[in-house]
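Each chain is listed here by its residues.
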Amino acid sequence: QAPTDGYLRRKLQERQPRAEGPLRLLVVTGGHGFDRLPFHALFTGFSNMTFRIVEHPQAHAWFAPDRASQYDVVVLYDMWQQIGPEARSNFVQVTTSGKGVVALHHALAAYSHWDEYAELLGGRYLFQPMTREGRSYPASSYKHDVRFRIRVADPEHPVTRGVTEYEILDETYKDYWVAPNVKPLLLTDEPTSTPVVGWAKTNGLSRWVYLQGGHDRNAWEHPAYRRLVEQAIRWVARQETP
């Protein structure tokens, strides 16, 4: 008897439509402080979604094969650095095999020594200068409580649909690396920020979105930011916004 083709079976399972019911979010935190209650309120305001907050160092266990069926979308709001070989393998498997990923704010600075994570995300906050493909990048910087304007790069994209140029009070990052293969969604002319502040990309069977904003409740309670996060979640889940 021929051995079971596990790879083919897994790929067929990944293409099965998800069960009806609320979208189940796995929200990953740890490695950076934040105001928990208003951050949680960001997700309670989204219709037909449930969420589970998991925090490092326990969060990696949720990417193991026996737990991956318990959520539909991963939301990264962590800045954790340590990750072992098994956790790396599980993370890559989950986030390229069909489950969507929305990464927010300081998730850009997570796993600063893991190149594959930066490639998956499409960007990296640089704690030290870097040279890549013949171009030199200085170390990144940040600035709190900046009031600046954000404009939409692609108003027809499902993540940005219905969002117009807006002003927000948030933390900016400057001089982070952005991969050339991302699709820019949000832009700014703010001098303390890198120009591209939101993008989308695809990794394997999974859709990813990164939104640079989201330091505190000034962002979490902003109507445009809330709409962007919700629409990003629904887009990576391949679910139309109601």
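Here the structure is a predicted model, which means the values were calculated and not measured.

Visitor: Explain the sheet that holds strand β13 (residues 206-211) to me, please; I cannot follow it from the model alone.
Guide: Whenever strands of a sheet pair, they do so through backbone hydrogen bonds, lying parallel or antiparallel. Strand order in the open sheet made by the 9 strands is β2-β1-β3-β4-β13-β12-β11-β8-β9, with mixed pairing throughout. Two strands in the sheet have a free side with no partner beyond their single neighbour: β2 (49-55) and β9 (166-174). Within the sheet, the average angular offset between the axes of one strand and its neighbour, ignoring direction, is 30 degrees. Of the strands in this sheet, β1 (23-30), β2 and β3 (73-78) are in contact with helix α2 (residues 36-44), which crosses β2 at around 150 degrees.

Visitor: Before we go on, may I ask you to explain the pairing of strand β4 (residues 100-104) in this structure?
Guide: Along any regular strand, the residues point their side chains to alternate faces of the sheet. By the criterion of burial, β4 is predominantly enclosed, with 5 of the 5 residues buried. Of the two faces of β4, the one lined by Gly 100, Val 102 and Leu 104 and the one lined by Val 101 and Ala 103 are each fully buried. In this structure, β3 lies alongside β4, joined through 4 bridges in parallel fashion. Across the sheet, the residue bridging to Val 74 is Val 101, located in β4. Crossover β3 to β4 through helix α3 (residues 85-96) is right-handed.

Visitor: I tried to follow the packing of aromatic side chains on my own but got confused; where do I start?
Guide: How two aromatic rings sit relative to each other is set out by the distance from centre to centre and by the angle between their planes. In this structure the tally under the stated criterion is 20 aromatic pairs. On the numbers, 5.2 Å between centres and 85 degrees between planes, the contact of Phe 39 with Phe 43 is edge-to-face. A residue pair is termed a helical-turn pair when its members lie 3 or 4 positions apart in one helix, as Phe 39 and Phe 43 do in helix α2 at 4 residues. Residues Phe 39 and Phe 43 agree in their burial class; the two are buried. Note on Tyr 111 and Trp 114: the rings are 5.6 Å apart at their centroids and 80 degrees apart in plane angle, and the pair reads as edge-to-face. Exposure class is identical for Tyr 111 and Trp 114. Each is buried. Each residue in the set Phe 34, Phe 39, Phe 43, Phe 46, Phe 51, Tyr 77 and Trp 220 is aromatic and connected to the rest through ring pairs, giving one cluster. Over the face of the ring belonging to Tyr 71 we find Lys 99, whose NZ or CZ atom lies 5.2 Å from the ring centre.

Visitor: When you look at empty space enclosed by the protein in this model, what are you seeing that I'm missing?
Guide: It is the rolling of a water-molecule-sized probe over the atoms that shows where space remains empty. Within the structure shown, the criterion is met by 1 cavity of 30 Å³ or more. What the largest cavity holds in volume is close to 80 Å³. Lining the largest cavity are Phe 148, Ile 150, Tyr 166, Ile 168, Asp 170, Leu 186, Val 197, Leu 211, Gln 212, Gly 213, Tyr 225 and Leu 228. For the lining of the largest cavity, the secondary-structure elements that each account for two or more residues are β8 (141-152), β9 and α6 (223-236). With 3 residues, β9 is the largest single contributor of residues to the lining of the largest cavity. Grouping the amino acids of the lining of the largest cavity by side-chain chemistry returns 9 nonpolar, 2 polar and 1 charged.

Visitor: I keep staring at unusual backbone geometry and nothing clicks. Help me out?
Guide: Excluding glycine, residues mostly carry a negative phi; peptide bonds, for their part, are mostly trans. Put simply, His 56 and Pro 57 share a cis peptide bond, and its omega is 10 degrees. Relative to the helices and strands, Pro 57 is located in the loop between β2 and β3. One non-glycine residue, Tyr 111, adopts positive backbone phi at about 45 degrees. Among the secondary structure elements, Tyr 111 is positioned in the loop between β4 and α4 (115-121). Positive phi values are uncommon outside glycine, yet Asp 145 reaches one of about 55 degrees. When its relative accessible area of 55% is taken as the criterion, Asp 145 is described as exposed.

Visitor: I'm lost on the side chain of Arg 234 in this one. Help?
Guide: One can find Arg 234 in helix α6. Here Gln 239 takes part through its side chain, which lies 2.4 Å from a polar atom of the side chain of Arg 234.

Visitor: What is the right way to look at the environment of Gly 134 in this model?
Guide: Positionally, Gly 134 belongs in the loop between β6 (130-132) and β7 (135-137). Its relative accessible area of 74% is what places Gly 134 among the exposed residues. Separated by 28 residues in sequence, Gly 134 and Gly 162 place their C-alpha atoms 39 Å apart.

Visitor: Honestly, the pattern of salt bridges in this entry has me stumped. Any pointers?
Guide: Close approach of charged atoms allows side chains of opposite charge to pair. Tallied over the entire structure, the rule returns 11 salt bridges. For Arg 149, the salt bridge is made with Glu 167, and the minimal N-O distance between the two is 3.8 Å. A residue pair is termed long-range when its members are at least 10 positions apart, and Arg 149 in strand β8 and Glu 167 in strand β9 qualify at 18 residues. Its relative accessible area of 36% is what places Glu 167 among the partly exposed residues. One salt-bridge network, in which partners are shared between bridges, spans Arg 147, Arg 149, Glu 165 and Glu 167.

Procedures and definitions
- Residues numbered from 1 in each chain as written.
- Predicted model: local features only at pLDDT ≥ 70, side-chain atom pairs only at ≥ 80, totals over all residues.
- Heavy atoms only, no water.
- Pairing = 2+ DSSP bridges.
- Helix = DSSP H or I, 4+ residues; strand = E, 2+ residues; numbered from the N terminus.
- Axes fitted to C-alpha atoms, helices over the stretch in contact; angles between N-to-C directions.
- Contact = heavy atoms within 4.5 Å.
- Buried < 20%, exposed > 50% of the residue type's maximum accessible area, 1.4 Å probe, protein only.
- Right-handed = clockwise from strand over helix to strand, strands pointing away.
- Phe/Tyr/Trp six-rings, centres within 6.5 Å; stacked < 30°, edge-to-face > 60°.
- Lys NZ or Arg CZ within 6 Å of the ring centre and 35° of its normal.
- 1 Å grid on protein atoms, 1.4 Å probe; cavity = no way out; pocket = protein on both sides within 12 Å on 5 of 7 lines; lining within 4 Å.
- Points joined across faces, edges and corners; volume = space filled by probe spheres on them.
- Nonpolar A, V, L, I, M, F, W, Y, C, P; charged D, E, K, R; others polar.
- Polar contact = N/O pair within 3.5 Å; in protein donor to acceptor, adjacent residues only side chain to side chain.
- Salt bridge = Lys/Arg side-chain N within 4 Å of Asp/Glu carboxyl O.

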